[in-house]
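The chain contents come next:
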Amino acid sequence: MDAVDETGDEIQQRSYWRWSKQDFFPEDSFQNWSAYRSALLQTFTRFKNRVISRSEDADEIGELRHQSENEMKRCLSWWDLTWFGFGSVIGAGIFVLTGQEAHEHAGPAIVLSYVASGISSMLSVFCYTEFAVEIPVAGGSFAYIRVELGDFAAFITAGNIILGSVAGNAAVARAWTSYFTTLLNHHPNSLRIHTNLTDGFNLLDPIAVAVIVFTSVIAISSTKRTSFFNWIASALNMVVIFFVIVTGFAHAKTSNLTPFMPHGAKGIFVAAAIVYFAYGGFDNIATMAEETKNPSKDIPLGLLGSMSIITVIYCLMALSLSMMQKYTAIDPNAAYSVAFQSVGMKWAKYLVALGALKGMTTVLLAGAIGQARYATHIARVHMIPPWFALVHPKTGTPINATLLIGLASACIAFFSSLDALASLLSVNSLLISTMVAVALLVRRYYVRGITSQSNLLKLTFFVLVIIVSSVGTCAYWGLNPNGWLGYTVTVPLWFLGTLAISVLLPQERTPKVWGVPLVPWFPSLSIAINLFLMGSLEAQAFIRFGICTVAMLIYYIFFGLHATYDMAHQPKKPMSSKISEDMEKARA
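Residues numbered from 1 in each chain as written. Predicted model: local features only at pLDDT ≥ 70, side-chain atom pairs only at ≥ 80, totals over all residues. Heavy atoms only, no water.

As named in an unreviewed UniProt entry, the protein chain is Cationic amino acid transporter C-terminal domain-containing protein, taken from Anisodus tanguticus. Word for word, the UniProt comment on the protein chain under Sequence similarities (unreviewed entry) is "Belongs to the amino acid-polyamine-organocation (APC) superfamily. Cationic amino acid transporter (CAT) (TC 2.A.3.3) family." In UniProt, the protein chain has this text filed under Subcellular location (unreviewed entry): "Membrane". (UniProt positions renumbered as here; feature names shortened; annotations may be inferred.)

(A) Spotlight on the overall build of the protein chain. Helices and strands together make up the secondary structure of the protein chain, namely 23 helices and two strands. A compact globule built from 588 residues should have a C-alpha radius of gyration of about 25 Å, and the protein chain, at 24 Å, falls within 12% of that. Taking contacts inside the protein chain between residues at least 6 apart in sequence as the whole, the part at least 24 apart equals 84%. Here the protein chain contributes 39 positively and 36 negatively charged side chains, and the mean placements of these two sets differ by 4 Å. (Helix = DSSP H or I, 4+ residues; strand = E, 2+ residues; numbered from the N terminus. Rg over C-alpha atoms; globule rule 2.2 N^0.38 Å. Contact = heavy atoms within 4.5 Å. Lys, Arg positive; Asp, Glu negative; His and termini not counted. Charge placed at Lys NZ, Arg CZ, Asp CG, Glu CD.)

(B) Structural context of the packing of helix H11 (residues 223-250) against helix H14 (residues 295-324). Viewed as axis vectors pointing N to C, H11 and H14 meet at an angle of 40°, and their least axial separation amounts to 8 Å. By the criterion of interaxial angle, the relationship of H11 to H14 is oblique. Considering how the two elements wind past one another, H11 and H14 form a crossing that is left-handed. Residues Met238, Ile241, Val244, Ile245, Gly248 and Phe249 of H11 form the contact with H14, whose own contacting residues are Ile313, Leu316, Met317, Leu319, Ser320, Met323 and Met324. Broken down by class, the residue content of the contact of H11 with H14 amounts to 11 nonpolar, two polar and no charged. (Axes fitted to C-alpha atoms, helices over the stretch in contact; angles between N-to-C directions. Parallel < 35°, antiparallel > 145°, perpendicular 65-115°, else oblique. Left-handed = near helix turned anticlockwise from the far one by under 90°. Nonpolar A, V, L, I, M, F, W, Y, C, P; charged D, E, K, R; others polar.)

(C) Up close: the UniProt feature "domain: Cationic amino acid transporter C-terminal" (unreviewed entry) in the protein chain. Cross-referencing UniProt, the feature "domain: Cationic amino acid transporter C-terminal" (unreviewed entry) maps to residues 514-563 in the present numbering. The distance from the first to the last C-alpha atom of residues 514-563 is 35 Å, and the span holds 80% helix and 0% strand.

(D) Local environment of the side chain of Thr490. On the secondary structure map, Thr490 appears in helix H20 (residues 487-504). Exposure remark for Thr490: the relative accessible area of 11% places this residue in the buried category. Once residues lying within four places of it in the same chain are set aside, the contact partners of Thr490 are Ser469, Gly472 and Thr473. (Buried < 20%, exposed > 50% of the residue type's maximum accessible area, 1.4 Å probe, protein only.)

(E) Just empty space enclosed by the protein, in detail. Summed over the entire model, instances satisfying the criterion amount to three cavities of 30 Å³ or more. As a volume, the second largest cavity reaches approximately 50 Å³. Asn169, Ile212, Thr215, Ser216, Leu364, Ala368, Gln371, Thr402, Ile405 and Gly406 are the residues that line the second largest cavity. Secondary structure elements with two or more residues in the lining of the second largest cavity: helix H10 (206-221), helix H16 (348-380) and helix H17 (399-415). Residues that form the lining of the second largest cavity fall into these classes: four nonpolar, six polar and no charged. (1 Å grid on protein atoms, 1.4 Å probe; cavity = no way out; pocket = protein on both sides within 12 Å on 5 of 7 lines; lining within 4 Å. Points joined across faces, edges and corners; volume = space filled by probe spheres on them.)

This is the structure:
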């Protein structure tokens, strides 16, 4: 590491590989037991400060990047981001969850489940894109929520991001093993170690661990090299997907579409909530903003372009599977491979399984890139130890953060089944997308020092109306799926809350380059759909989510709260010329 930057400021030369207590716990509250006891006695005061504290765009773009000591390399174009979009999203979701949910919940109407979750994800993509252009940092949704909703809301987001990253990688790696065994003509569980543990956690998977370690090592080496590998693998995967769609329709039987909705509308939305996981990963593109050459142009092209194409692909693949094989005969573990075998194309199952393996490998690869960037920015604000924020001077990648996500994912993948992870992931993803949509409404209609107190109170009330009415719609659906009376109250309330924001409140901030159209309607609709899909999940998903949330809050009270408080109140360091230049580009 060089000791002088562009401005001539002295930088202390330190090795990247260091392990001292100061690197993990540099805050004043953790210097000794006396300081820690003093911090705990101030817990309530500090918590109140963190709840009302909000970051600034300039801090996220500039100040916090000092914590990484080295800059990430700007080497990605819109072409790279588009293929990262394909690589991040198309994997275990479409190849595994399609068969699982068509067989158990939706039947042939699984295509409508993908339409519903696709609409929800596209609305979220709009919100993410505006934020990513305005605040081009590695933190993604964590940074956006920290700026608009405050530090505590950002912590909840951070916990869910890390939980989603770990569980998501584990779910994809488990599915990788299932398809690999299909290539070997074995049962999906034949290469797993059978134990007497609780059902859902009793099949140990060393292959999944090996795949996660492999992709993490590639992600550590170089972002540009990873992008090239991802582009080649994703291109090959698209060839397989085209084959699946065309050949599937060539062997289609319309009789397999009857009955179209065997479990009614409820089955469609239960499946939609779970297959939303298949669209997960698009937010990884937003986390690559620091490594993008021209974020204001490249991110909208890469994010919106890839997700539009992916939504169409998913619907076509789901329809081809439903027409090729009766939903009751679909194999929940390796649906497409077994479906081709059932129509006499035994050889095709190997091609499909190989394509699925390529797709899931790129999902893990892109996930290792994007999720490590999330962890890096979370560490920059000291919600997790700042050691994980360090960027390696030669590779330009956050090696420590990549290891954190990779090793934790490998541990979970070793013993947790896909079905135990998928529903938890859907709650996680939908909650974060909902918070980003709320943050966008706040960003457009509230600016500190400009918005009047009365307009702030109105905005708060109307947003609460939107959220409460959406929850009410979801609750009524769960209690009385065939009823309609409750919707005459909840839907008009949602409409009136959104209309009130549109008519009664002025937009205080206009996007400089690219913005979400039809604000407040699009983000409000995103909130309503996300909450509705969350309510369609089974109670077990929320129990698991609740347990994880309690664990997060315990961690926050005893560590995260005091670390972030000390970080927020330390003197600011002078900004380097490179970071200042990046801030000027972001403002342009």
